[in-house]
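# Structural overview
Read off the chains here:
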Amino acid sequence: MTTTQEIIQLEQQYILQTYKRPEFVLERGEGVWLYDSDGKQYLDACSGIAVNALGYQNQTIVDAIREGATGLLHVSNLYHTAPHALLARDLCQASFADRVFFCNSGAEANEGALKFARKWARSKGHSDKTGFVAFTGSFHGRTMGALSVTATEKYRAPFEPLIGNVSFAEFNNLDSAREVINQNTCAVIVEPVQGEGGVTPATPEFLSGLRALCNEVNALLIVDEIQCGLGRTGSLWAYEGYDITPDIMTLAKPLAGGLPIGAILLTEAVSGAMEPGDHGSTFAAGPLVCTVAHAVLNHINTPEFLSQVKANGDYLATKLNQEVLPSPLIKQVRGKGLMWGLISEPPAGDIVTEARNYGLIILVAGPNVVRLLPPLTMTQAEIDTLIERLLKTLEAVG
Ligand code: PLP
């Protein structure tokens, strides 16, 4: 048997060191609880970074994996299979979209969305319409295209030059957006609730203003709902909380409940520009992963489930405002549904580290924002435990 220390030593010896992992080894999970190899229990308010929306060992997911595992795992996109067709139908019927392109991750979904926007503009005969507009605080992924529309300088600088024709405007500032959106813009990409950049919801005026600016210059509006979509904000899609519809929406993280998948949802007007051979992926839309995603989507997309998320999100918001905000360490709380940021006086990393001593897993969203992304299945009693452990943590850090 390999001991905890041996596992940590192997990681440090053999894995490329792009993550700093804490000194424990996670072994199993159940509901909203995680257990390490020493048997220590943690309440999970991170959900594998917004992936485990239904928590651990969820029966819907276990059953779908069993069903998928006895069928075909992979045949490639060269052939028809039922699960990707059924999943695409249900995604379209539950959203603004007419068509879906499947991929394997969030970054890949945004890569595809940027490519589709360029091809769409070109198909209209606008060869100069190649510009993208993104925003301060944005995070769209680590691959070259997705990174090009990601604002954080330290993620970008070591890998420049990135793709060209990207302008950044200030998030939630329509005047700033107006300065850079023009006839040469093919797409504007925005997170309705910024995740990594500090859990900042877009204002309604900002998103509807962006929609209007895109209409004015005939550019596409891409909403990145990779972190904030699929029930996280209390509606199925975060854009539904605003008075807009996008032209493209990207999804990933929670869609297959923990298995890798990404999706690009498009209107017919955009998809009409794409032809066979324009884009592809070997692994994407495999029958197993689509069977699981289909089950997850239909589990979340019920009025009962979504109203539960909304009610529990309101409960968490009230608790944070009444019990956590009074802490001298916390300057502001902001968020939506079950996606919250606590703007902290000390470095957020110190709070996240201390929380583990109290059996609580949370994460950062930038240097001074503590982020809470509990599974959407977390109950009010479990939210009470989250708040208790958070308060103990703040006391210890203070
Ligand atoms: N877009 C948003 C809003 C994200 O939060 C993330 C990941 O955190 C990504 C894109 C990239 O997704 P992935 O890590 O699956 O490539």
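Residues numbered from 1 in each chain as written. Predicted model: local features only at pLDDT ≥ 70, side-chain atom pairs only at ≥ 80, totals over all residues. Heavy atoms only, no water.

### Description of the pattern of salt bridges
Heads up, the rule is: Salt bridge, as used here: a side-chain nitrogen of Lys or Arg that lies within 4 Å of a carboxyl oxygen of Asp or Glu. In this description a helix means any DSSP run of H or I spanning at least four residues, a strand means any run of E spanning at least two, and both kinds are numbered starting from the N terminus.
Per the stated rule, a full pass over the model turns up 13 salt bridges. One salt bridge connects E160 with R156, and the closest N-O pair in it is separated by 3.9 Å. Residue R178 pairs with D175 through a salt bridge whose shortest N-O separation is 2.9 Å. Remark: D175 and R178 occur in helix α8 (residues 174–180); sequence separation between them is three residues, near one turn of the helix. In the salt-bridge network here, residues are joined through shared partners; they are K119, E275 and D278.

### Examining the domain arrangement of the protein chain
Rules: For the domain bounds, the source is a domain assignment made automatically or taken from a database. Here, two residues are considered to be in contact whenever any of their heavy atoms come within 4.5 Å of each other. Accessible area, probed at 1.4 Å, shrinks when two parts are joined; the buried area is that loss added up over both. Contacts described as polar in this section are N or O atom pairs within 3.5 Å, which, within protein, must combine one atom able to donate a hydrogen with one able to accept it, while residues neighboring in sequence count only if both atoms come from side chains. Amino acid classes used here: Ala, Val, Leu, Ile, Met, Phe, Trp, Tyr, Cys and Pro are nonpolar; Asp, Glu, Lys and Arg are charged; the rest, including Gly, are polar.
Splitting the protein chain by domain gives domain 1 (4–57 + 303–397) and domain 2 (71–300). Summarising the inter-unit geometry, the C-alpha centres of domain 1 and domain 2 are found 26 Å apart. Taken together, the contacts link 27 residues of domain 1 with 27 residues of domain 2. Both faces combined, the contact of domain 1 with domain 2 buries some 2100 Å², and carbon together with sulfur accounts for 63% of it. Of all residues in domain 1, L306, K336 and M339 bury the most surface against domain 2, accounting for 31% of the area lost on that side. Across the domain 1-domain 2 interface, the total number found is one salt bridge. Of the charged contacts in the structure, one is a salt bridge between R371 and E196, with a shortest N-O distance of 3.0 Å. Our count for the contact surface shared by domain 1 and domain 2 stands at nine residue pairs in polar contact (both at pLDDT 80 or more). Those elements that place two or more of their residues in the side of domain 1 that touches domain 2 are α2 (47–50), α12 (303–324), β13 (330–336), β14 (339–344) and β17 (369–372). In terms of residues, the side of domain 1 that touches domain 2 owes the most to one element, α12, which gives four residues. Of the residues that constitute the side of domain 1 that touches domain 2, the class distribution is 17 nonpolar, six polar and four charged.

### Focus: the site of the ligand
Quick note on the threshold: We define proximity as follows: a residue is near a molecule or strand when any one of its heavy atoms falls within 4 Å of that partner. Here, Shrake-Rupley sampling with a 1.4 Å probe gives the accessible areas, and only protein chains in the shown set may cover a residue.
Inspection of the region around the ligand gives 13 residues, with G106, A107, D224, Q227 and K253 positioned closest. Here G106 contributes a backbone N or O atom positioned 2.8 Å from an oxygen atom of the ligand. Take E196: an N or O atom from its side chain is 3.2 Å from an oxygen atom of the ligand. For the ligand, the accessible surface in isolation is 390 Å², of which the surrounding protein chains cover 82%. Looking at the shell around the ligand, its residues break down into three nonpolar, six polar and four charged.

### What to know about the sheet that holds strand β16 (residues 363–364)
Two strands in a sheet stick together by hydrogen bonds in their backbones, pointing the same way (parallel) or opposite ways (antiparallel). Threshold: Note on pairing: two strands pair once DSSP finds at least 2 bridges between them. For every element, the axis is a line fit to its C-alpha atoms; helices are fit only across the contacting stretch, and the angle between N-to-C directions ranges from 0 to 180 degrees.
With antiparallel pairing, the four strands of this open sheet are ordered in space as β13-β14-β17-β16. Looking at strand neighbours, the two that pair on one side only are β13 and β16, the edges of this open sheet. Bridge analysis of β13 against β14 gives six bridges, and the strand direction is antiparallel. Across the sheet, K336 pairs through a bridge with M339, a residue of β14. Relative to the sheet, α12 contacts β13, β14 and β17, its axis offset from that of β14 by approximately 15°.

### A few points about the pairing of β14
Test applied: Only protein chains enter the accessibility calculation, which uses a 1.4 Å probe. A residue is then buried if its area is under 20% of the maximum for its type, exposed if over 50%, and partly exposed in between.
With six of six residues buried, β14 is to be regarded as a mostly interior element. Across the two faces of β14 the burial is the same, with M339, G341 and I343 and W340, L342 and S344 all buried. For β14 and β17, the ladder comprises four bridges, and the chain directions are antiparallel. Paired with W340 across the strands is L372, a residue of β17.

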